[in-house]
Structures are given as C-alpha cells and as structure tokens.
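# Structural overview for review
The lines below spell out each chain.
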Amino acid sequence: MSTREGSTAASDSRVEGYVRRITFIAALGGFLFGYDTGVISGALLYIKPEFHLGNFGQQAIVASLLLGAVVGALASGPITDGLGRRRVLLVAAALFAAGAVASALSPSAGALVAARFVIGLALGASSTAVPLYLAETSPKEKRGRLVSTNQFLIVVGILISYGVGYALAASESWRWMLGLAAVPAALMFVGLLFLPESPRWLLGKEREDEALDVLGRTRPAAEVDDEVAEIKETIEAESTATYRDLFSPPIRPALRVGVGVPVINQLCGVNAVIYYTPTILKQSGFGSSAAILGSVGVGVVNVLLTALAFVLIDKVGRRPLVLTGVAILTAALAFLGALYLLPDQKGAVGVLVVVGLCLYIGAFAASLGIAIWLFTSEVYPTNLRGKGASLGVFTHWGLDFVVSLTVLTLISTITTTGMFWLYGAFALIGFFYLRRYLPETRGRSLEEVDAELQRQAS
C-alpha cells in the first residue's frame, strides 16, 4: 500500500468512527422515545392501585406524554430552524432527564401527568430533530442506514422498558421503572456537548467556515465541495416554499402517502398494544409479572422483525413489504378479537392471545413501523420535504394521543373484541388505500419518485 493510499484509508476510518459516535449519541433520542413510551405499560399496573385510578386516570397518564409530544412536534420545526438541531437535542435531553426524575418522585396522579407531559415535549422535539440531525450529518451513501438507527433504537428502547418492568415487577417499583430513563438522557446530554452542529443548518445561517469544518470531519475530502453546492441549492429551493404549497394539486399524490401512512399507522391500534399489553394480558388471566413477561415477548418480536425489515426493504421493496404486513396484521386483529369471544381466556387461550399479539406486532414492525418515516422522507419534492415530514410527525402524535386516550374506554364500552375488530376494520380500509396510492420507491432516485407522483396529479 502506498503512503497516499494509507493516508486515505486512515482518513476514511477517522470519518467513519466520528460519524458512528454522532449517530449513537443522537440516536439515544430514539432509545428514549421507545423507553418512555413503552415503560408505562408495566408501570401502570402498579400506579393504578397506588393512586386509585379508574380508566380515565390511567388513560390520562398515558396520553399526557402524547399530548406533550403533539405540542413538542408543532413547536420543533421553527425552533429547530432557529436554534439549530444540536441545541434542540440538548434541550430535549435535559427535558427527558427532568421529566424522568419528576415522574419517579411524583406524589400524585396529577404530578405524574405533568411530568409525563414534560417528557412528551422532549419526545415531540426529538422525533423531528434526531432524524433531521442524523440525515444532515451522515454521508449520503450511508444516510439511509444511519438514519434508520433511530427507528431501530426506538424498538430496542421499548424492549428494554419491558425488560426493566419485568425485573422490577416483584418489588412493584414503578418509580424506578420511570426514573431510570434519566440515565440515557444524561448520557445523551453529555455526549451532545462534544458533537458539532449540522452542516446544513450552519450553511443556512451563512456560517460556511464552520460548515466546512464539520463536513471535513464527516465526509471524505473529495466530496465536501460537491455537497456544499448541493446543500446551498436545496436551501435556496426551500426558501420559497410554504405550508400552503403542500396542498396544491401537484403535491396531493405525495400528501396522500405522506399523511395517509401515519394515519393508517395509528388507526390500526399499534400503540394500544405497546401501551396496554400487560393490561390486556391481565384480562386474559395472567398475573402481573406474567403479563409483563408476555409484553417482553412482544417486544422481542418487535425488535427482530424491525431488524429483518431493514434487511428486506431495499431488496424486496417498500410496497410488497407494507401490503403483506398490513394484510397479516389485519388477520391478527380479527384473530385476537375472536379469542375474546371465548368464555375463558386462561390457559391455552391465553397463550394464543400472546401469539396473536406477537403476530400483530411483528407484521406491524416489518411494514408500517418501518415505512412511516421512510415514506415521509421519500415522497415529497426537495423544497417541501421538511414541511411534509413535520406534517407527518404531527399527524402521528396527534392520532397517537387519541388512541392512547380511548383504549380502556373502548374496552369497557364495546369490549376487547370490539376494540380489536374496530382496529382491524381500520387496517382493512388502510390496506385497500395503500394498494391504491402507495408507490414503490426502491431503487429510484427522489427525483424519479417525485416525477411519478407529479404524473399522477396531472
């Protein structure tokens, strides 16, 4: 190997190592996303008797986080553009930590609702800022995989939260379940202190020397000048776009996908399963520890199928993966509803309930779970991509809030069977909607995807 080749290899290795550190630290926001949304499922079993909660009180504790996420997502767009991606993530990490500690110390249900709302603010902001920061600091040839790290850590966070819940179930230590989220939040905050700002944001603020420095540490030297020119062109295009342009006729085919996928994602009831699996299993005759252990199994399936989907999505394609997954989860919801028509859900029927939940969450993870953020980043033209993505995030959190606030009410009014079949009906409608409107984007440039959707509008 020549001296020049050795120098280039060492430089590439330094770049790769630095980008990996950025990805891991920023993607802790995804881990916290998963942990804070999943941990309440087990903790709720012990919060309920301590604070003497009925259905509304339980739903309020779950939904307060989602309401905060809606507010955080709405505010995050202009704040992220104004303060910068890194600063918003620092604030989000601080809020994650403060909310976790406040949750653990809550003296009443009202205080817990307020603490969860604070975590929700961090959740909404980070769900916008983390993918954006990762996309803008990653080399383009690795962008998809590195940005997808965020989604993978979300499901890992959910699984870890279930495991923590099971480990602490015997002592009923729900305060520790909630409070332990402060540890990764603190790690994220400290790590972010040593990370750079997004080069794209720096260029947008005309801080070109700083942007060149960041690009020099995160890109091969030969690519820096071309990327600077590309970023400047994108910034100029976006400066003329408004939210009103999202609703113009040429953009409607993209909007049908960019909003339709998050809508179907939520209305098929995935967060009813993530937030209330132990509660649902207790209705099937499981004890508290066994119910939480069952949720761990659901979490393991969620992680494994998400990992499988990462491997398949660029080989099989987005459309067949999503349509197959939605068809399977629709059948799983019908199966789960039928099980709750039986007079007794204990014993073998209880095992079948766990199997049905695993089948459902696995099909979801490999289809809508991985597709929601991917499609919102692929279907919009360059000048509207940021605004379209923020609309998708807002839609996701808004409907997540509605679902979380109605699960136990639905069970008490239309029974568990009715709830699963209602979600199944939405999933079935979603299947036919996606079969009609979902494009295949595998192996196509963003410009080619945009051209096809523009043709649909003409």
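Everything that follows concerns the structure shown earlier in this document.
These numbers come from a predicted model, not from an experiment.

Further remarks concern a negative patch on the surface. Judged by side-chain charge, Asp-225, Asp-226, Glu-230, Glu-233 and Glu-236 come together as a negatively charged surface patch. Note that Glu-230 resides in helix H10 (residues 224–238). For Glu-230, a relative accessible area of 41% corresponds to the partly exposed category.

Further remarks concern empty space enclosed by the protein. In this structure the tally under the stated criterion is one cavity of 30 Å³ or more. Taken as a whole, the largest cavity spans an internal volume of roughly 260 Å³. Along its surface, the largest cavity is lined by 23 residues, and Gln-151, Ile-154, Ile-274, Phe-364 and His-396 are the ones closest to its centre. Of all the elements in the fold, those that place two or more residues in the lining of the largest cavity are helix H1 (3–51), helix H5 (143–167), helix H11 (252–267), helix H12 (270–283), helix H13 (288–312), helix H15 (348–365), helix H16 (368–378) and helix H17 (385–404). Classifying every residue of the lining of the largest cavity gives 13 nonpolar, nine polar and one charged.

With that settled, the discussion passes to the packing of H12 against helix H18 (residues 407–437). Two numbers describe how H12 lies on H18: the axes approach to 13 Å, and their chain directions differ by 105 degrees. Taken together, the axis directions place H12 and H18 in an arrangement best described as roughly perpendicular. Contacts from Ala-272, Tyr-276, Thr-279, Ile-280 and Gln-283 in H12 reach Val-407, Leu-408, Ile-411, Thr-416, Met-419, Phe-420 and Tyr-423 in H18. Considered class by class, the residues forming the contact of H12 with H18 number nine nonpolar, three polar and no charged.

With that settled, the discussion passes to the packing of aromatic side chains. One pass over the structure, following the stated rule, counts six aromatic pairs. Ring geometry for Phe-33 and Trp-397: centres 5.1 Å apart, planes at 40 degrees, overall tilted. Of this pair, Phe-33 sits in helix H1 while Trp-397 sits in helix H17, and the two are 364 residues apart along the sequence. Here Tyr-340 and Phe-420 contribute two aromatic rings whose centre-to-centre distance is 6.1 Å and whose plane-to-plane angle is 40 degrees, an arrangement assigned as tilted. Placement of the pair is Tyr-340 in the loop between helix H14 (318–339) and H15 and Phe-420 in helix H18, with a sequence separation of 80 residues. Accessibility expressed as a relative area gives 12% for Tyr-340, which makes it buried.

The rules we used
- Numbering of residues starts from 1 in each chain and follows the order in which that chain's sequence is written.
- Local features in a predicted model are, by the rule used here, given only for residues with pLDDT of at least 70; side-chain atom pairs are given and counted only at 80 or more, and totals for whole chains, interfaces and linings are based on all residues.
- Side-chain descriptors were evaluated using all non-hydrogen atoms of the structure, hydrogens and water having been removed beforehand.
- Here, patches come from residues exposed beyond 30% relative accessible area and free of salt bridges, joined within 9 Å for like charges and within 5 Å for nonpolar side chains (Val, Leu, Ile, Met, Phe, Trp, Tyr).
- Computed by Shrake-Rupley with a 1.4 Å probe, the accessible areas treat only the displayed protein chains as cover when residues are assessed.
- Any Lys or Arg side-chain nitrogen located within 4 Å of an Asp or Glu carboxyl oxygen qualifies as a salt bridge.
- Charge counting follows a simple rule: Lys and Arg are positive, Asp and Glu are negative, and His as well as the terminal groups are ignored.
- Working definition for charges: the position is that of NZ of Lys, CZ of Arg, CG of Asp or CD of Glu.
- Counting from the N terminus, the helices are the DSSP runs of H or I reaching at least four residues and the strands are the DSSP runs of E reaching at least two.
- Note on classification: 1.4 Å probe, protein chains only; a residue is buried when its accessible area is under 20% of the maximum for its type, exposed when over 50%, partly exposed between these limits.
- Cavity: a set of points on a 1 Å grid over the protein atoms alone where a 1.4 Å probe fits but cannot get out. Pocket: an open set with protein on both sides within 12 Å along at least five of seven lines, its lining residues, like those of a cavity, having an atom within 4 Å of a point.
- Grid points are joined across faces, edges and corners, and a volume is the space filled by probe spheres set on the points.
- Amino acids outside the nonpolar list (Ala, Val, Leu, Ile, Met, Phe, Trp, Tyr, Cys, Pro) and the charged list (Asp, Glu, Lys, Arg) are all regarded as polar, and Gly is one of them.
- Helix axes use the C-alpha atoms of the stretch in contact, all axes being lines fitted to C-alpha atoms, and the angles between their N-to-C directions lie in the range 0 to 180 degrees.
- Should an angle fall under 35 degrees it is taken as roughly parallel, and over 145 as roughly antiparallel, whereas 65 to 115 is taken as roughly perpendicular and any remaining angle as oblique.
- When checking whether two residues touch, look at their non-hydrogen atoms; a contact exists if any pair is within 4.5 Å.
- Ring pairs are drawn from Phe, Tyr and Trp, using the six-membered ring of Trp, whenever the two centres fall within 6.5 Å, and their geometry is named by plane angle: stacked under 30 degrees, edge-to-face over 60, tilted for the rest.

Just distances and angles here, no functional claims.
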